[in-house]
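# Coordinates in review
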2 protein chains.
Amino acid sequence: MADYVKVAVDAMGGDNAPAEIVKGAVEAIQAEKKIKVFLVGKEEQVKAELAKYTYPQEQVEVVNATEVIAMAEPPVAAIRSKKDSSIVKGLYMVREGKCDAFVSAGSTGAVLAGGQVIVGRSKGVERPPLAPLIPTEKGASLLIDCGANVDARPSQLVQFAKMGSIYMENVMGIKKPRVGIVNIGAEEEKGNALVKETFPLLKECSDINFIGSIEARDIPAGAADVVVCEAFVGNVVLKLYEGVGATLISKVKSGMMVNLRSKIGALLVKPALKQTLKAFDLEQYGGAPLLGLKGLVVKTHGSSKAVEIKNTILQCLTFKEQDINGKIQKVISGAAE
Amino acid sequence: MADYVKVAVDAMGGDNAPAEIVKGAVEAIQAEKKIKVFLVGKEEQVKAELAKYTYPQEQVEVVNATEVIAMAEPPVAAIRSKKDSSIVKGLYMVREGKCDAFVSAGSTGAVLAGGQVIVGRSKGVERPPLAPLIPTEKGASLLIDCGANVDARPSQLVQFAKMGSIYMENVMGIKKPRVGIVNIGAEEEKGNALVKETFPLLKECSDINFIGSIEARDIPAGAADVVVCEAFVGNVVLKLYEGVGATLISKVKSGMMVNLRSKIGALLVKPALKQTLKAFDLEQYGGAPLLGLKGLVVKTHGSSKAVEIKNTILQCLTFKEQDINGKIQKVISGAAE
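Computed from a predicted model, the values in this text were never measured in an experiment.

### A word on the overall build of chain A
Scanning chain A from N- to C-terminus turns up eleven helices and eleven strands. Expected size for 337 residues packed as a compact globule is a radius of gyration near 20 Å; at 21 Å, chain A falls within 12% of this value. For chain A, the C-alpha atoms occupy an extent of roughly 70 × 60 × 35 Å along the three principal directions. Looking at chain A residue by residue over its 337 residues, the buried ones come to 57%. Counting only contacts in chain A whose residues sit at least 6 apart along the sequence, the fraction spanning at least 24 positions is 71%. Summed over its atoms, the accessible surface of chain A is roughly 13700 Å², and 52% of this surface lies on carbon and sulfur atoms. Of note, chain A has its 42 positive side-chain charges centred 3 Å away from the centre of its 38 negative side-chain charges.

Right, dumping it as structure tokens:
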């Protein structure tokens, strides 16, 4: 079937591989007829997991890969030496056009390095950013860049703003997404050298809806749909989101266990609270795309369970149907001319 | 009385001036006989506030200042032009040795710029960092630097580490405070150019307890007592702390109001929860010192109420009694030789 959107899935990546990965892949094809998944990993293990389910057989293929890249391995060396790993093999399937996308919950460094080296950048893209969705009071914002390449140049941040806008408009359905640059104050003259240089360039872009600087305080409030920053800052934002969230929620829990009165209250409040806090869970939005490559590469959390894998695979369909890569290509190459 | 620790207080700074500022100053001298406060501001207004309280008269002096620097004014220009403002006059009192410390809830930019220009840096200090205490699961950590001077050099970060260690050991009473540098991974080879250059310099310091890189995720868990970073990153950390905290707490509150069952639970849980969350309130720790100046300058939150002003004034006593400036001078000059 030439019509399938073909997704290579790293069956060996993440804390819950292969069981949860295979389960998520099966759930994705059960939900969507247009997708075919290629489970890349140790054939025997993958097939043993697959045997647990009933599913449309024609929508799954197992691709044997005898090696696994561990979380702690130096990424570039691992990509070079482990040619028969699930990450390298999956990325080659995208490079060779056998698949449209590659999804992995494995080593972030290896996926990022491999995405650039094996799949390769789109023409004109200076640096492919890793762009996770983060929860806000208004829904979700795209944090771009959180990747491994730090110390970006202004022209790269401008490309992030454009790619992020295309993603939020076409994948998330937000009209004229508001683009903000992370800064230490709202005034144009504030900031470090990088932000000061980037600000006027963003102001000149007619193809994005630039709203100016946003302070970190305003990110969780949803002050911008596309939150542009250099990767070091993006990494700090993403990880602090997790850290403050985890600490506060544990404080709330222990606060409820202080005495008998509060314990009874906790029982009553728990179901409603759980529901509300779920909307602020970083993992609900699935994987983070590595934008600006010749194919789609998506990194999901190392702790991904089946539901995140399933949602990420389904996102690949939207990404392909909306021709995000074509649109990015058009905007970036147009700008480069 | 030559024995007083003399604290100039900006009576006009912050959202709740002069009422809460004067109230906090009165509470401080009621609590501590060794302190004398100099309330700098519009004499009539300050005296009208003072008239509301009974307090040891000899521990208060009102210093008339006819001008006020507003929050939105460009800091350097304001410091230059408003010579009769409460901030400029208060800082001059420290410069001239009439006071040991200056406390302000007013314009952060003006306090930082004025601190450096008017009070001046200690010998050998390259850049004075603004260092607030932030709440963690284990108590509080010092986040150094959150000031207005971004794009620091490695040698400056090393000085931050040393000054921060002295503060945490002598003011907060933490033996051998653990010093960590904010990074995007725990490994030594990770980071941006600044962190990579700074890391080996910190490792060589025999006078601090350097524990290596910490990821932003681990800051709220209390992974380091002294959290070293460049000011742009520090600002992002501080403001995201506030932002994520505010959003999550509002989510918790609304989650509890979803249905009747949860509303009853909320009533039972509220007192215990309030108590626990108070320990995670950024404002409980009082002001952030601007370290490495010839005198002490402390910036409190713009929203400061009397209790924060009182605590900050009391901190000035510890700072003076522990001779923090002398200790900083010794370590920094020693290192510079």
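### Focus on a positive patch on the surface
Residues and elements named next belong to chain A. On the surface, a cluster of positive charge is contributed by Lys253, Lys270, Lys274 and Lys278. With three residues, helix H9 (residues 260-278) is the largest single contributor of residues to the positive patch. Inspection of the secondary structure assignment puts Lys253 in helix H8 (residues 231-256). Assessed through its relative accessible area of 56%, Lys253 is described here as exposed.

### Focus: the pairing of strand E4 (residues 101-104) of chain B
Residue and element names in this part refer to chain B. Burial along E4 is two-sided: Ala101 and Val103 facing one way and Phe102 and Ser104 facing the other are all buried. Pairing geometry for strand E1 (residues 5-10) and E4, over three bridges, is parallel. Directly across from Val7, in E4, lies its bridge partner Ala101. Judged from the four bridges that link them, E4 and strand E11 (residues 296-299) form a sheet pairing that is parallel. When the bridges of E11 are listed, Ala101 appears paired with Leu296.

### A look at the relation of the copies chain A and chain B
Laying chain A over chain B is done by rotating through 180° and shifting 0.0 Å along the axis; what remains is an RMSD of 0.0 Å. In short, the pair behaves as if placed about a two-fold rotation axis. Using C-alpha coordinates, one finds that chain A approaches the rotation axis most closely at Gly265 of chain A, a distance of 1.9 Å. Of all interface residues in chain A, 100% are interface residues in chain B too; the two copies therefore contact each other through one and the same surface.

### A word on the environment of Val63 of chain A
Residue and element names in this part refer to chain A. Structurally, Val63 is set in strand E3 (residues 60-64). Put simply, Val63 and Asp10 are 53 residues apart on the chain and 9.9 Å apart in space, counted from C-alpha to C-alpha. Residue contacts for Val63: discarding those within four places in its chain leaves Phe38, Leu39, Val40, Gly41 and Met93.

### Re the interface of chain A and chain B
Each partner contributes to the interface: chain A provides 52 residues, whereas chain B provides 52 residues. Between chain A and chain B, a total of about 4800 Å² is buried, with carbon and sulfur atoms accounting for 75% of that surface. Between the two partners, chain A and chain B, sit four salt bridges. Where Glu215 of chain B meets Lys239 of chain A, a salt bridge forms, and the shortest distance between an N and an O atom there is 2.3 Å. Our count for the chain A to chain B interface comes out at twelve residue pairs in polar contact (both at pLDDT 80 or more). Elements with a contribution of two residues or more to the side of chain A that touches chain B: strand E7 (178-183), helix H7 (193-204), H8 and H9 of chain A. Tallying contributions element by element places H8 of chain A first for the side of chain A that touches chain B, with 20 residues. A breakdown of the residues in the side of chain A that touches chain B according to their chemical character gives 31 nonpolar, 13 polar and eight charged.

### Notes on the pattern of salt bridges
Within this structure, the stated rule accounts for 30 salt bridges over all chains. Of the charged contacts in the structure, one is a salt bridge between Glu43 of chain A and Lys47 of chain A, with a shortest N-O distance of 3.1 Å. You can see Glu43 of chain A and its partner Lys47 of chain A sitting in helix H2 (residues 43-50), four residues apart, about one turn around the helix. For Lys47 of chain A, a relative accessible area of 44% gives the class partly exposed. Two residues, Glu96 of chain B and Lys98 of chain B, come together in a salt bridge whose shortest N-O distance is 3.2 Å. Residue classification places Glu96 of chain B among the partly exposed residues on the basis of a relative accessible area of 48%. For Lys98 of chain B, a relative accessible area of 48% corresponds to the partly exposed category. Here the salt bridges share partners, and the residues they tie into one network are Glu215 and Arg217 of chain A together with Lys239 and Glu242 of chain B.

### Structural notes on unusual backbone geometry
A cis amide bond links Ala17 of chain A with the next residue in sequence, Pro18 of chain A, at an omega value of -5°. The residue Asp323 of chain A is not glycine, and still its phi comes out positive at about 50°. Looking at the secondary structure, you find Asp323 of chain A in the loop between helix H10 (306-321) and helix H11 (324-336). Residue classification places Asp323 of chain A among the partly exposed residues on the basis of a relative accessible area of 44%. One non-glycine residue with positive phi stands out, namely Lys176 of chain B, at about 45°. Considering the arrangement of structural elements, one finds Lys176 of chain B in the loop between helix H6 (154-170) and strand E7 (178-183).

### As for the packing of aromatic side chains
Aromatic ring pairs are described here by two measures, namely the spacing of the ring centres and the angle between the planes. Residues and elements named next belong to chain A. Scanning all chains against the criterion turns up four aromatic pairs over all chains. Between Tyr167 and Phe319 the ring centres are 6.2 Å apart and the planes differ by 50°, which places this aromatic pair in the tilted class. One end of the pair, Tyr167, is in helix H6 (residues 154-170); the other, Phe319, is in helix H10, and 152 residues separate them in sequence. Judged by relative accessible area, Tyr167 falls into the buried class, the value being 3%.

### Re the domain arrangement of chain A
Size of an interface, as often reported, equals the accessible area lost when the parts are brought together. Residues and elements named next belong to chain A. One can read the domain layout of chain A as domain 1 (5-125 + 292-336) and domain 2 (133-240). Between domain 1 and domain 2, roughly 1100 Å² of surface is buried when both sides are summed, and carbon and sulfur atoms account for 71% of that area. Per-residue buried area on domain 1 facing domain 2 is highest for Ile324, Val331 and Ile332; these three make up 32% of the total on that side. Those elements that provide at least two residues to the side of domain 1 that touches domain 2 are helix H5 (108-119), H10 and H11. Top element by residues in the side of domain 1 that touches domain 2 is H11. It accounts for six residues. Classifying every residue of the side of domain 1 that touches domain 2 by side-chain character gives eight nonpolar, six polar and one charged.

### Concerning the nonpolar core
In terms of nonpolar packing, the biggest core is built from 180 residues, with Ile219 of chain A together with Ile219 of chain B touching the most fellow members. With residues near it in sequence (within four places) discarded, Ile219 of chain B still touches Leu240 of chain A together with Ile134, Thr136, Val182, Ile214, Val227, Val237 and Tyr241 of chain B.

### Observations regarding the packing of H8 of chain A against helix H9 (residues 260-278) of chain B
Where H8 of chain A meets H9 of chain B, the axes come as close as 8 Å, and the angle between the chain directions of the two elements is 135°. In terms of their interaxial angle, H8 of chain A and H9 of chain B are classed as oblique. H9 of chain B is crossed by H8 of chain A, and the crossing has right-handed handedness. When H8 of chain A is examined against H9 of chain B, the residues Leu248, Lys251, Val252, Ser254, Gly255 and Met256 of chain A are found in contact with a partner set consisting of Val269, Ala272, Leu273, Thr276 and Leu277 of chain B. Counted by class, the contact of H8 of chain A with H9 of chain B contains seven nonpolar, three polar and one charged residues.

Thresholds, definitions, all that
- Residues numbered from 1 in each chain as written.
- Chains lettered and ligands numbered in written order.
- Predicted model: local features only at pLDDT ≥ 70, side-chain atom pairs only at ≥ 80, totals over all residues.
- Heavy atoms only, no water.
- Helix = DSSP H or I, 4+ residues; strand = E, 2+ residues; numbered from the N terminus.
- Rg over C-alpha atoms; globule rule 2.2 N^0.38 Å.
- Buried < 20%, exposed > 50% of the residue type's maximum accessible area, 1.4 Å probe, protein only.
- Contact = heavy atoms within 4.5 Å.
- Areas by Shrake-Rupley, 256 points an atom, 1.4 Å probe, with all protein chains shown as cover.
- Lys, Arg positive; Asp, Glu negative; His and termini not counted.
- Charge placed at Lys NZ, Arg CZ, Asp CG, Glu CD.
- Patch = residues over 30% accessible without salt bridge, like charges linked within 9 Å, V, L, I, M, F, W, Y side chains within 5 Å.
- Salt bridge = Lys/Arg side-chain N within 4 Å of Asp/Glu carboxyl O.
- Pairing = 2+ DSSP bridges.
- Least-squares fit on C-alpha atoms with pLDDT ≥ 70 in both.
- Buried area = accessible area lost by both parts, 1.4 Å probe.
- Polar contact = N/O pair within 3.5 Å; in protein donor to acceptor, adjacent residues only side chain to side chain.
- Nonpolar A, V, L, I, M, F, W, Y, C, P; charged D, E, K, R; others polar.
- Phe/Tyr/Trp six-rings, centres within 6.5 Å; stacked < 30°, edge-to-face > 60°.
- Domains from an automatic or database assignment.
- Core = buried A, V, L, I, M, F, W, Y, C linked by side-chain atoms within 4.5 Å.
- Axes fitted to C-alpha atoms, helices over the stretch in contact; angles between N-to-C directions.
- Parallel < 35°, antiparallel > 145°, perpendicular 65-115°, else oblique.
- Left-handed = near helix turned anticlockwise from the far one by under 90°.

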